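The residues making up each chain are set out below.
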Amino acid sequence: MSKLSYKISYYVLYAMIVLILIVLGLFFLGGDATGAAVLSGVDPDMWQPANTDALLYLMYGLFGLAVAATIIAAIFQFGSALKDNPVSAIKSLIGLILLVLVLVVSWAMGSEETLRIPGYSGTDNVPFWLKLTDMFLYSIYFLLGATVVAIILSSIKKKLS
């Protein structure tokens, strides 16, 4: 069984490498954008590759595949840990629960006040995106602070023991 999974992952890896090389070749060697693909408002002397969309869709797909594989692997790992030692498996969820709690609290702290940005007339200056941005910023600040505190406390504990 492990040999089969090794062969499958081996072929998937090389198929992904070939696909990435093809899309990168299209991006770099595919010429300049023409017609509707040319971005207005961009300096006409700047290079605008013809296959930028293909590269972006490939990156979206690979990112989605990585997220899906991570979630599926975590679920299988939790399931196997639940069979072996249910108490420690439930304890392992504490970190996930705390992360969700940090995200919920930081979402609640986020501001819905529309920003006054001179020269900006886009559609992203709405309460949802503003709260989401604040949530990410506050979460980063909190997790960075928690990391620094954990480093300090672990070094103090190491010195005392």
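Refer to the structure presented above.
Residues numbered from 1 in each chain as written. Predicted model: local features only at pLDDT ≥ 70, side-chain atom pairs only at ≥ 80, totals over all residues. Heavy atoms only, no water.

Let's talk about the side chain of Lys 131
Part 1 of the reasoning: Tracing the chain through its elements places Lys 131 in helix H5 (residues 127-160).
Part 2 of the reasoning: Lacking a salt bridge, the buried Lys 131 has Glu 112 as its closest oppositely charged neighbour, with an N-O distance of 4.2 Å.
Part 3 of the reasoning: Discounting residues that sit within four places of it in the chain, Lys 131 has contacts with Trp 107, Ala 108, Gly 110, Ser 111 and Glu 112. (Helix = DSSP H or I, 4+ residues; strand = E, 2+ residues; numbered from the N terminus. Buried < 20%, exposed > 50% of the residue type's maximum accessible area, 1.4 Å probe, protein only. Lys, Arg positive; Asp, Glu negative; His and termini not counted. Salt bridge = Lys/Arg side-chain N within 4 Å of Asp/Glu carboxyl O. Contact = heavy atoms within 4.5 Å.)

Brief notes about the environment of Gly 31
Part 1 of the reasoning: For Gly 31, the location among the structural elements is in the loop between helix H1 (2-29) and helix H2 (52-84).
Part 2 of the reasoning: A relative accessible area of 30% means that Gly 31 is categorised as partly exposed.
Part 3 of the reasoning: A sequence separation of 19 residues divides Gly 31 from Ala 50, and the C-alpha atoms of the two residues are 5.7 Å apart.
Part 4 of the reasoning: If we ignore the near neighbours within four places in the chain, the residues touching Gly 31 are Trp 47, Gln 48, Pro 49 and Ala 50.

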